[in-house]
Amino acid sequence: MKNLYVIINPQAKNGYSKKVWLDVEKELQSRQIPYTAFNTEYPGHARELARSICKETKHEDKAVIVVIGGDGTLHEVINGTVGAKNVSVGFIPGGSGNDFSRGYGIPKNHLSASNFLLKQIDLQPILVDVGEIVHSEEKTTYFVNNMGAGFDALITKEANHSKLKKVMNRFSLGNLIYAYFVLKKLFTFKRTVVNMTIDGKKYKFEETWFVTVSNQPYYGGGMKISPKASVRDGLLNVTVVQNLSRMKFLFVFITVFWGGHERMKEVKNFLGKEIFIESKDPLFVHADGEFIGETPVSIQACPQVLPLVTREIDK
Ligand SMILES: Nc1ncnc2c1ncn2[C@@H]1O[C@H](COP(=O)(O)OP(=O)(O)OP(=O)(O)O)[C@@H](O)[C@H]1O
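Criteria and cut-off values
Residues numbered from 1 in each chain as written. Predicted model: local features only at pLDDT ≥ 70, side-chain atom pairs only at ≥ 80, totals over all residues. Heavy atoms only, no water. Domains from an automatic or database assignment. Buried area = accessible area lost by both parts, 1.4 Å probe. Salt bridge = Lys/Arg side-chain N within 4 Å of Asp/Glu carboxyl O. Buried < 20%, exposed > 50% of the residue type's maximum accessible area, 1.4 Å probe, protein only. Helix = DSSP H or I, 4+ residues; strand = E, 2+ residues; numbered from the N terminus. Pairing = 2+ DSSP bridges. Near = heavy atom within 4 Å. Polar contact = N/O pair within 3.5 Å; in protein donor to acceptor, adjacent residues only side chain to side chain. Areas by Shrake-Rupley, 256 points an atom, 1.4 Å probe, with all protein chains shown as cover. Phe/Tyr/Trp six-rings, centres within 6.5 Å; stacked < 30°, edge-to-face > 60°. Lys NZ or Arg CZ within 6 Å of the ring centre and 35° of its normal.

Some remarks on the domain arrangement of the protein
According to the domain assignment, the protein consists of domain 1 (3-123) and domain 2 (132-304). For domain 1 versus domain 2, the distance between C-alpha centres works out to 26 Å. Across the domain 1 to domain 2 interface the summed buried area is about 1600 Å²; carbon plus sulfur atoms make up 53%. Interface area lost by domain 1 to domain 2 is led by Asn 14, His 75 and Tyr 104, which between them contribute 33%. Counting the contacts that link domain 1 with domain 2 gives zero salt bridges.

Here it is as structure tokens:
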């Protein structure tokens, strides 16, 4: 069996991930599977742990890092492993949003996900795409789900820093926090001009609410922002929402839950490999729901670079 490392974020979903780990640990022990486990101690720690596991195992044949937490922890681990060909990544959901499981064919229930993972672990991992963002001072961030600039990044930033999220997570209502901030920020958000280049072609969008670049269909805890996005096609799906009154924007935002927004004339969709986003006024930027800075940013698709323990995913 491949060497197994587990990275647990004990804070994900207000500590629910600790319970997930107890169940998974029991399963590993009953099957007498050896493992090395680490708890994250602060934001950013999962990335450091993943990096040092990759360094230590670089002469080993194969290793697997299993992430127990939410999409934020997974995002950090990916940022520590991208490029390490011998290390594959597995995921057991223990967070509140779970867009990664939705988009990558991983069971949502942690016991099913753990059984599934242990069955797949010694099979060939599936190589999936990731997106690469180069932002200020040549800093690079990778994303697996999506990145966005504008209103959605503002909501992400507000929600992640809000004490209310913790309270609502306690009642399994963590996702409602996003709806709360959408309503709170809807009437004050300043729309701006966004200039984009997609595979060499230039675009100008007036009165832009947000731009999302997706690797998979889901974001914001189950919203279908990019229903046709595929994690194996080597391409990124761009969604631009612009020229909408505040009330119509709210309506469009609601239709994102089932992907209905794609038919609206104020929603533009593109496919591309290299994307540049700049704006007249700086816009907040997120990657996989984690705030990372402001525009301008350059994004590119990195086709099939991440070995993932999952089932075959259609191209
Ligand atoms: N020990 C820790 N203490 C505080 N924060 C931590 C710790 N370990 C990790 N974090 C941070 O917790 C944040 C949230 O983690 P994560 O996204 O995995 O859980 P979640 O918010 O419950 O789930 P989701 O993103 O799926 O909604 C991440 O930004 C991560 O950096």
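A closer look at the pairing of strand S8 (residues 192-198)
With six of seven residues buried, S8 lies mostly within the body of the structure. Both S8 and strand S9 (residues 201-214) contribute to a ladder of six bridges, which runs antiparallel. Looking at the pairing, Val 194 lines up with Phe 205 of S9. The hairpin turn running from S8 into S9, its antiparallel successor, is two residues long, and Asp 199 in that turn takes a positive phi close to 45 degrees. In terms of strand pairing, S8 meets strand S14 (residues 274-279) through five bridges, oriented antiparallel. Residue Met 196 lies in a different strand from S14, and its bridge partner there is Ile 277.

Quick notes on the site of the ligand
As a structural note, the neighbourhood of the ligand is formed by 21 residues, with Lys 13, Thr 40, Thr 73, Glu 76 and Ser 96 the closest of them. Within the contact set of the ligand, an oxygen atom lies 2.8 Å away from a side-chain nitrogen or oxygen of Glu 290. When the ligand sits alone it has 640 Å² of accessible area, and the protein chains cover 81% of it. In terms of residue count, helix H3 (residues 71-81) provides more of the shell around the ligand than any other element does, four residues in total.

With respect to the packing of aromatic side chains
Tallied over the full model, the rule gives 17 aromatic pairs. Both rings, one in Tyr 203 and one in Phe 205, keep their centres 6.0 Å apart while their planes meet at 5 degrees; by these two values the pair is stacked. Given the relative accessible area of 5%, Phe 205 is considered buried. Here the aromatic rings of Phe 284 and Phe 291 are separated by 5.2 Å at their centres, their planes lie at 85 degrees, and the arrangement is edge-to-face. Classification of Phe 291 as partly exposed rests on a relative accessible area of 31%. Each member of the aromatic cluster is reached from another via a ring pair, and the members are Phe 151, Phe 189, Trp 209, Phe 210, Phe 249 and Phe 253. In this arrangement the basic side chain of Lys 13 is found over the ring face of Tyr 16, its NZ or CZ atom lying 4.7 Å from the centre. When the ring centre of Phe 291 is taken as origin, the NZ or CZ atom of Lys 157, which lies over that ring, is 5.0 Å away.

A look at unusual backbone geometry
Here the residue pair Thr 295 and Pro 296 is connected by a cis peptide bond, since its omega of 10 degrees sits within 30 degrees of zero. By secondary structure assignment, the location of Pro 296 is in the loop between strand S16 (290-294) and strand S17 (297-308). The phi torsion at Asp 199 lies on the positive side, around 45 degrees, for a residue other than glycine. Mapped onto the elements of the fold, Asp 199 is located in the loop between S8 and S9. Although it is not a glycine, Glu 207 adopts a positive phi angle of roughly 45 degrees. Looking at the element boundaries, Glu 207 is found in strand S9. Of the residues examined, Glu 207 reaches a relative accessible area of 38% and is grouped as partly exposed.

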